[in-house]
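In case you want the letters, here they are:
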Amino acid sequence: MDKHSRVQAIIANDPARWRLLQLVRTLGLADCRIGAGFVRNAVWDHLHGRESSPLSSDVDVIWFDPGRSTPDYDRDAEAVLRTLDSSVAWSVKNQARMHSRNGDRPYVSSADAMRHWPETATAVAVRLGEGNLCEVSAPLGLDDLFGLIVRPTEGFVGGKRAIYQARLASKDWVARWPLLRHESSE
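Here the structure is a predicted model, which is why all the values come from computation and not from measurement.

A. Geometry of the packing of aromatic side chains. For the structure on display, the rule yields 2 aromatic pairs. With centroids separated by 5.6 Å and ring planes inclined at 75°, the aromatic side chains of Trp44 and Trp173 adopt a geometry described as edge-to-face. Of this pair, Trp44 sits in helix α3 (residues 37–47) while Trp173 sits in helix α9 (residues 173–176); the two residues are 129 residues apart in sequence, bridging distant segments of the chain. Across this residue pair, the class does not change: Trp44 and Trp173 are buried. An angle of 65° between the planes, with centres 5.1 Å apart, marks the rings of Trp44 and Trp177 as edge-to-face.

Written out as C-alpha cells, the structure is:
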C-alpha cells in the first residue's frame, strides 16, 4: 500500500477525525482541508502501534479563496463549526491572506501554502472528496511523516530557524512519540 493510501486508511478508520471531515465539508469552502496535527498525529500514533490519541487542542482548517480573504470569513466559518461541534477548538484560515502574516510571497493554493509550514511532516492535509473518499494533499511528500522524521521546511532552515526551534521545544513531540528523530536540513 502506498503512503497516500496509508494516510487515507488511517483517517478513514478514525471515527472522530472522519466526523470532523464531514462537518468541514458542509462549509463548502474552496480548496478546503484539515491539516497539520490532525493528520500528522494520527499517522505517528499509528506508527507507534497505538490507537489514535484525542484530537489536539485545535483543528486547523485551511482553504483558499482570494475573493474572500478577510478574516471575517474565517470567523464566520469557525462560528458555524462551533455550532456543529463546540468541543473542538476550530482554527479556520484562508491561505490567500496568510502569506502576509508569514512574510512569504503570495500563495496560489492551500497546497502551496503548506509548503511554507515549519515542518515537512506537518505539511499534510486531508478532505472528503467525490464519493466520500479521503483526498490527501502532501506537497512536500510523505516520506518524513512515515519515516518519523521531524525536519524544517526550506523556509525554516534559514531566516525562520528560531521559529522552528521554538516549536520543537514547545511541542516536545519526542516525549509523546519516542521513535521520532530530528534532522536538520542545513
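Alright, that's what it looks like, and here's the rest.
B. Examining the packing of helix α1 (residues 3–12) against α3 more closely. Where α1 meets α3, the axes come as close as 10 Å, and the angle between the chain directions of the two elements is 95°. In terms of axis orientation, α1 runs roughly perpendicular to α3. Together, Arg6, Val7, Ile10 and Ile11 of α1 and Phe38, Val39, Ala42, Val43, His46 and Leu47 of α3 make up the contact between the two elements. Considering only residue class, the contact of α1 with α3 consists of 8 nonpolar, 1 polar and 1 charged.

C. Spatial organisation of the layout of surface pockets. Reported here for the largest pocket is a volume of approximately 670 Å³. Along the wall of the largest pocket there are 30 residues; nearest its centre are Ala36, Asp60, Trp117, Pro118 and Arg167. Contributions of two or more residues to the lining of the largest pocket are made by α3, β2 (59–63), β3 (90–94), α5 (95–102), α8 (161–171) and α9. Ranked by the residues each element gives to the lining of the largest pocket, the list is headed by α5, at 4 residues. Each residue belonging to the lining of the largest pocket can be placed in one class, and the counts come to 12 nonpolar, 9 polar and 9 charged. By volume, the second largest pocket amounts to about 150 Å³. Forming the walls of the second largest pocket are Ile10, Asn13, Asp14, Ala42, His46, Arg50, Glu51 and Ser52. Taken together, the residues of the lining of the second largest pocket sort by class into 2 nonpolar, 3 polar and 3 charged.

About the thresholds
- Residues numbered from 1 in each chain as written.
- Predicted model: local features only at pLDDT ≥ 70, side-chain atom pairs only at ≥ 80, totals over all residues.
- Heavy atoms only, no water.
- Phe/Tyr/Trp six-rings, centres within 6.5 Å; stacked < 30°, edge-to-face > 60°.
- Helix = DSSP H or I, 4+ residues; strand = E, 2+ residues; numbered from the N terminus.
- Buried < 20%, exposed > 50% of the residue type's maximum accessible area, 1.4 Å probe, protein only.
- Axes fitted to C-alpha atoms, helices over the stretch in contact; angles between N-to-C directions.
- Parallel < 35°, antiparallel > 145°, perpendicular 65-115°, else oblique.
- Contact = heavy atoms within 4.5 Å.
- Nonpolar A, V, L, I, M, F, W, Y, C, P; charged D, E, K, R; others polar.
- 1 Å grid on protein atoms, 1.4 Å probe; cavity = no way out; pocket = protein on both sides within 12 Å on 5 of 7 lines; lining within 4 Å.
- Points joined across faces, edges and corners; volume = space filled by probe spheres on them.

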